[in-house]
Amino acid sequence: MENGITTVISGLKCDNLSCDYQDDSIKLEQYESYINEPCPKCGSPLLTKEDYIQVQKILSLVDLVNALPDPTEESKEKAKISFELNGAGTVNMKVEKYED
Ligand SMILES: [Zn+2]
C-alpha cells in the first residue's frame, strides 16, 4: 500500500537570515547530532532543540495520517507539503496541490 504521506525531510539551512549556508546532504537520521551545532560559516545554530522537536512532531503527525484508512478514489488528491523551520520552534507549512 502506498503511504498517504511520504516525507522527504533532509538538509539543514542556517537559521541566520543573512547567511546562505545550506547542507543538503544531511539526512533526517543525522539531525539529532546537529542540535546546536554552529554553522561553519557564521556560527549561528544550524538546528535548535525547538526546531528538532517540531520535526519530531511533524513525523508523528505523518505517521498518524498514514495510519488512517485508504482514501476513497474521489479524495485521492495529491499535495506537496513543505515545512520551513526558522530556529524559533515555529513551523511554516505550505501545501501545494498537484496533478499526477
Ligand atoms: Zn550561517
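Up top you'll find the structure we're talking about.
Residues numbered from 1 in each chain as written. Predicted model: local features only at pLDDT ≥ 70, side-chain atom pairs only at ≥ 80, totals over all residues. Heavy atoms only, no water.

**As for the overall build of the protein**
- Across its full length, the protein holds 1 helix and 4 strands.
- The proportion of buried residues among the 100 residues of the protein is 23%.
- Sequence-distant contacts in the protein: of pairs separated by 6 or more residues, those separated by 24 or more amount to 40%.
- Here the protein displays about 7,500 Å² of accessible surface, and carbon together with sulfur accounts for 50% of that area. (Helix = DSSP H or I, 4+ residues; strand = E, 2+ residues; numbered from the N terminus. Buried < 20%, exposed > 50% of the residue type's maximum accessible area, 1.4 Å probe, protein only. Contact = heavy atoms within 4.5 Å. Areas by Shrake-Rupley, 256 points an atom, 1.4 Å probe, with all protein chains shown as cover.)

**Some points on the coordination of the zinc ion**
- Taken together, the protein donors to the zinc ion comprise C14 (SG), C19 (SG), C39 (SG) and C42 (SG), at separations of 2.3 to 2.4 Å.
- Note that the zinc ion binds 4 donor atoms; their angles at the metal cover 101 to 115°, and the shape is tetrahedral.
- If you list the donors of the zinc ion from N- to C-terminus, the spacing comes out as C-x4-C-x19-C-x2-C.
- Judged by its relative accessible area of 5%, C39 is buried.
- Since its relative accessible area comes to 35%, C42 is described here as partly exposed. (Donors = N, O, S within 2.8 Å, 3.2 Å for Na, K, Ca; no water. Tetrahedral: all angles 85-135°; square planar, octahedral: opposite > 155°, others 65-115°.)

**Points about unusual backbone geometry**
- Residues other than glycine seldom take positive phi values, yet N36 does so here, at roughly 65°.
- Structurally, N36 is set in the loop between β2 (22-27) and α1 (49-66).

**Structural notes on a nonpolar patch on the surface**
- A surface patch of nonpolar side chains, about 380 Å² in accessible area, is lined by L61, L64, V65 and L68.
- Here L68 is to be found in the loop between α1 and β3 (78-85).
- Owing to a relative accessible area of 52%, L68 belongs among the exposed residues under this scheme. (Patch = residues over 30% accessible without salt bridge, like charges linked within 9 Å, V, L, I, M, F, W, Y side chains within 5 Å. Salt bridge = Lys/Arg side-chain N within 4 Å of Asp/Glu carboxyl O.)

**Some thoughts on the pattern of salt bridges**
- Per the stated rule, a full pass over the model turns up 1 salt bridge.
- Two residues, K41 and D20, come together in a salt bridge whose shortest N-O distance is 2.4 Å. Here K41, found in the loop between β2 and α1, pairs with D20, found in the loop between β1 (10-13) and β2; they are 21 residues apart in sequence, far enough to count as distant. Across the pair, D20 and K41 agree in class, each one exposed.

**Notes on the pairing of β3**
- Here 8 bridges tie β3 to strand β4 (residues 91-98), and the two strands are oriented antiparallel to one another. Paired with E84 across the bridge in β4 is N92.
- Taking the residues that link successive antiparallel strands as the turn, the β3-β4 hairpin has 5 residues, and the phi of G87 there is positive, at about 90°. (Pairing = 2+ DSSP bridges.)

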